[in-house]
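Below, each chain spelled out in residue letters.
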Amino acid sequence: VNHPLTRRKRITFDALQAYPWILQPHGSPMRDVLEQEFRAHDTPLPKGLIESASILTTTNLAMKSDMLGVIPDSVASRYARHGLLAIIPYQLQHTLTAFGSIIPKDRPLSAPARHFVDLLHDTE
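Residues numbered from 1 in each chain as written. Predicted model: local features only at pLDDT ≥ 70, side-chain atom pairs only at ≥ 80, totals over all residues. Heavy atoms only, no water.

Novice: Hey, could you go over the overall build of the chain for me, with residue numbers and the actual values?
Specialist: If you tally the helices and strands in the chain, you get 5 helices and 3 strands. Taken from N to C terminus, the helices and strands of the chain fall in the order α-β-α-β-α-β-α-α. For 124 residues, the compact-globule estimate of 2.2 N^0.38 gives 14 Å, and the chain exceeds it by more than 25% at 17 Å. The principal-axis extent of the C-alpha atoms belonging to the chain is close to 55 × 35 × 25 Å. Within the span of the chain, comprising 124 residues, buried residues form 28% of the whole. Counting contacts in the chain only where the partners sit at least 6 residues apart, residues at least 24 apart contribute 57% of the total. Carbon and sulfur atoms form 55% of the exposed surface of the chain, whose accessible area is close to 8,800 Å². Between the mean site of the 13 positive side-chain charges and the mean site of the 12 negative ones, the chain shows a separation of 5 Å. (Helix = DSSP H or I, 4+ residues; strand = E, 2+ residues; numbered from the N terminus. Rg over C-alpha atoms; globule rule 2.2 N^0.38 Å. Buried < 20%, exposed > 50% of the residue type's maximum accessible area, 1.4 Å probe, protein only. Contact = heavy atoms within 4.5 Å. Areas by Shrake-Rupley, 256 points an atom, 1.4 Å probe, with all protein chains shown as cover. Lys, Arg positive; Asp, Glu negative; His and termini not counted. Charge placed at Lys NZ, Arg CZ, Asp CG, Glu CD.)

Pasting the structure below:
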């Protein structure tokens, strides 16, 4: 919560480079977005970065250090409301692409699977 960047009103990408990062592993959609962001700024990925697919690991590392990580806003907001994390005011230029689900035509989904797909595609 006491991250040095929280004292700034405006954050540049260059300012983010002064801190260690926690990134999702290679091949994950968010990692691809972040790699695009670094390329757009003609900046190599940070040295000594930690890779983790776990939101819990990312949040714990960020809470106990000045490390930067990208997690869903719904999670970050909850932690921030409780004073456990700070949200750095930087907007990524790149975003995740939309995704969907593939369902076999020749086999109907079970009721739980149908419910899951309905929840997945619920946009409210």
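The rest of the description comes next.
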